[in-house]
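Summary of structural features
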Amino acid sequence: MDNPPKTTANINERLYYIDWIRVFAFAILILVHAGIPFVPFGLPMIQNNETSEVLSLVIYFLHDFRLEVLFLVSGVGTYFAMRKLSSAGFIGERCKRLILPTVFACFTLMPLMIYFEKMHVGDFSGGFFEFFPEFFTNGAYPRGNFSWGQMWFVVYLFCFVLIAQPLFRYFQSEKGINFLTVIQNKLCDGNNIYFMIIPFFLLEISLRPHFPGARDLIHDWASFSQWLLYFIVGYIFVSAPRLFTLVETLRHRCLLVALVFSALVMFLRTLPDLGYIESQINRDSLFMSFILVAKTWCWVLTILGYAKRYLQRNSTILQYCNEAVYPIFILHFTVSVTLSYWIVQWSADIGVWTKFGMVSLWTFVIIMATYHFVIRPYSLMRLLFGLKVLPK
């Protein structure tokens, strides 16, 4: 009997383009969060008096696929992390790198962030140490105070690890490898890669009307289930490397389709302003649901394809940033909200874009300096921010 085609990535090969995607995705996330005070939607509660329609469109555009990219990349990373550890060892390692930083952030960084938000909207007046006990005792954000902020992403990721680990262990078995071979061959045949839109579409139309999304693990099953699927897809792609080669080949076509879908969504959302229809087309409609999930899938494939083509290269910058990205993710939201609290109070003559630039610039400066001088050199700080402890 012939051996099945190879379905696992070269054990010695580092997928540098995945690292680059991760670094760029988190950098964009920081810019998006720095821009929220200057657009007429979203949380945190701190808002500038003047907002920017252009910045709103940019953030809205990026919002539709950036999280999917991050969860897919996390699935790829999980493949490499699981190779060296037993199931129990892997869960223990994930607890140390995901849960410990979340608990630490909820006791240190999140209270400070919510303090400035509540000060801004007038829900609290007084010192931070007066507010600190109320962060834990005054209900859940946004009506109350307690919030895990951006650490919801880490909690979701930990849940995905727990749910998907048995499946991933199966993929490592002989039967699992044969199954991945079949999946790889099917998806690489013609345009079958686009049929992956169907499961996302079915999850969207069946769950979104009931669970519009709240990032609380309880009322977010539409997004949760699709992000879980992207996480699993990331693992499958790295286990069946012909799929990465396929998206590299299809990158131009995927970009064209993604642009068409994005333009269509923008057009449909401007129809009420143009007077052609009375209200926005509901996201729950079959038509809009299909366009949204198809657009997201095509942008994810586009990013993977172009990254594989042009970013499979290592550098000292990549090595530094790839380690730094998790600690600065943990830090950035508290820093940008704190800066926003002061900067939105500046004169309107400065302009929205100048204020946004100042929040973005100083957020990057502060978090990078904190990482380099306070976190990176010290084992305890590295542990609290999810990094490997320095060897003794």
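Now for a quick tour of the structure. Remember, it's a predicted structure, so these values are computed and weren't measured experimentally.

Here we come to the overall build of the protein. On a plain count of helices and strands, the protein comes out with 15 helices and 0 strands. For 392 residues, the compact-globule estimate of 2.2 N^0.38 gives 21 Å, and the C-alpha radius of gyration of the protein, at 22 Å, lies within 12% of that figure. Dimensions of the protein along its principal axes, counting C-alpha atoms only, are 75 × 65 × 40 Å. Out of the 392 residues in the protein, the part that is buried amounts to 49%. Approximately 18,800 Å² of the protein is accessible, and the part contributed by carbon and sulfur atoms is 66%.

All right, on to a nonpolar patch on the surface then. Nonpolar side chains collect at one region of the surface, where Val 103, Phe 107, Phe 136 and Phe 146 lie side by side and expose about 350 Å² of accessible area between them. Counting through the fold element by element, Phe 107 comes out in helix H4 (residues 87-121).

Tallied over the entire structure, the rule returns 54 aromatic pairs. Arranged with centres 5.9 Å apart and planes meeting at 40°, the rings of Phe 160 and Phe 231 form a pair that is tilted. On the criterion of sequence distance, the pair formed by Phe 160 in helix H6 (residues 152-171) and Phe 231 in helix H9 (residues 221-239) is long-range, its members being 71 residues apart. Given a relative accessible area of 0%, Phe 160 falls into the buried group. The ring of Tyr 310 carries Arg 309 above its face, with NZ or CZ at 5.3 Å from the centroid.

Further remarks concern the nonpolar core. Core analysis: the biggest nonpolar cluster contains 125 residues, and Phe 153, Ile 193, Phe 237, Phe 244 and Trp 297 have the highest contact counts within it. The biggest single contributor to this core is helix H13 (residues 316-343), with 13 residues. Not counting residues up to four positions away in its chain, the partners in contact with Ile 193 are Leu 187, Phe 237, Leu 243, Leu 246, Leu 250, Trp 297 and Leu 301.

Moving on, we get to the pattern of salt bridges. In this structure the tally under the stated criterion is 10 salt bridges. For Arg 94, the salt bridge is made with Glu 93, and the minimal N-O distance between the two is 2.6 Å. The class of Arg 94 is buried, set by a relative accessible area of 12%. Classification of Glu 93 as buried rests on a relative accessible area of 17%. Between Arg 376 and Glu 323 there is a salt bridge, with its nearest N and O atoms 3.8 Å apart. Pair noted here: Arg 376 is in the loop between helix H14 (352-375) and helix H15 (379-384) and Glu 323 is in helix H13, with a separation of 53 residues, a long-range link.

This part takes up the environment of Ser 147. The residue Ser 147 is located in the loop between helix H5 (128-137) and H6 in this model. Each C-alpha atom, one on Ser 147 and one on Gly 75, is 26 Å from the other, the two residues being 72 residues apart in sequence. Within polar-contact distance, the side chain of Ser 147 engages the backbone nitrogen of Gly 149 at 2.9 Å.

Moving on: the side chain of Lys 355. Structurally, Lys 355 is set in helix H14. Among buried charged residues, Lys 355 stands out as having no salt bridge; its nearest opposite-charge side chain is Glu 50, 4.6 Å away. A distance of 3.4 Å separates a polar atom in the side chain of Lys 355 from the backbone oxygen of Val 344. The residues contacting Lys 355, other than those within four sequence positions of it, are Phe 38, Asn 48, Ile 343, Val 344, Trp 346, Ser 347, Ala 348 and Ile 350.

The next subject is the environment of Phe 131. Counting through the fold element by element, Phe 131 comes out in helix H5. Among the residues examined, Phe 131 registers a relative accessible area of 1% and is labelled buried. Each C-alpha atom, one on Phe 131 and one on Leu 112, is 8.9 Å from the other, the two residues being 19 residues apart in sequence. Apart from residues no more than four positions distant in its own chain, Phe 131 is found in contact with Pro 111, Ile 114, Tyr 115, Lys 118, Phe 124 and Asn 145.

All right, on to H13 then. Between its first and last C-alpha, H13 extends only 34 Å over 28 residues, short of the 40 Å set by a 1.5 Å rise per residue. Among the 28 residues in H13, 21 count as buried, and that is most of the element.

A few words on the packing of H6 against H9. It is the contact of H6 with H9, at a shortest axis distance of 10 Å, that shows an interaxial angle of 50°. Our classification of the angle between H6 and H9 gives oblique. As for how H6 packs across H9, the hand of that crossing is right-handed. Along the contact surface, H6 presents Trp 152, Tyr 156, Leu 157, Cys 159, Phe 160, Val 161, Ile 163, Ala 164, Leu 167, Phe 168 and Phe 171, while H9 presents Phe 224, Trp 227, Leu 228, Phe 231, Ile 232, Tyr 235 and Ile 236.

Scoring rules and cut-offs
- Note on numbering: residues in each chain are counted from 1, in written sequence order.
- Residues qualify for local features only when their pLDDT is at least 70, as the model is predicted, and side-chain atom pairs are given and counted only at 80 or more; totals for whole chains, interfaces and linings, by contrast, use all residues.
- For side-chain calculations, the full set of non-hydrogen atoms in the structure is used, while hydrogens and water are omitted.
- Note on conventions: DSSP H or I runs of at least 4 residues are helices, E runs of at least 2 residues are strands, and numbering of each starts at the N terminus.
- Computation of the radius of gyration draws on C-alpha atoms, with the globule rule given as 2.2 Å multiplied by the number of residues to the power 0.38.
- The cut-offs for exposure are 20% and 50% of the maximum accessible area for each residue type, with area from a 1.4 Å probe on protein chains only; residues under the lower value are buried, those over the upper are exposed, and the others partly exposed.
- In short, Shrake-Rupley with a 1.4 Å probe defines the accessible areas, and a residue's cover is counted only from the protein chains shown.
- Surface patches are defined over residues having more than 30% relative accessible area and no salt bridge, joining like charges when they lie within 9 Å and nonpolar side chains (Val, Leu, Ile, Met, Phe, Trp, Tyr) when within 5 Å.
- Any carboxyl oxygen of Asp or Glu within 4 Å of a side-chain nitrogen of Lys or Arg constitutes a salt bridge here.
- Here is the rule: rings of Phe, Tyr and Trp (six-membered ring for Trp) pair when centre to centre is within 6.5 Å. Planes less than 30 degrees apart are stacked, more than 60 are edge-to-face, and the remainder are tilted.
- Each ring is checked for a lysine NZ or an arginine CZ that lies within 6 Å of its centre and within 35 degrees of its normal; such an atom marks a charge sitting over the ring.
- Side-chain atoms within 4.5 Å are what join buried Ala, Val, Leu, Ile, Met, Phe, Trp, Tyr and Cys residues into a set we call a nonpolar core.
- Note on contacts: a residue pair is in contact if any heavy atoms of the two residues lie within 4.5 Å.
- Polar contacts, as used here, are pairs of N or O atoms within 3.5 Å; protein pairs need one atom able to donate a hydrogen and one able to accept it. Residues neighboring in sequence count only if both atoms are side-chain atoms.
- Residues scored as charged are limited to Lys and Arg (positive) and Asp and Glu (negative), so that His and the chain ends carry no count.
- An expected span of 1.5 Å times one less than the residue number is assigned to each helix.
- With axes taken as lines fitted to C-alpha atoms, and helix axes fitted only over the stretch in contact, angles between N-to-C directions fall between 0 and 180 degrees.
- Angle categories are assigned with fixed cut-offs, so that under 35 degrees is roughly parallel, over 145 is roughly antiparallel, 65 to 115 is roughly perpendicular, and the rest are oblique.
- Handedness of a crossing follows from how the near helix is turned relative to the far one, being left-handed for an anticlockwise turn of less than a right angle and right-handed for a clockwise one.

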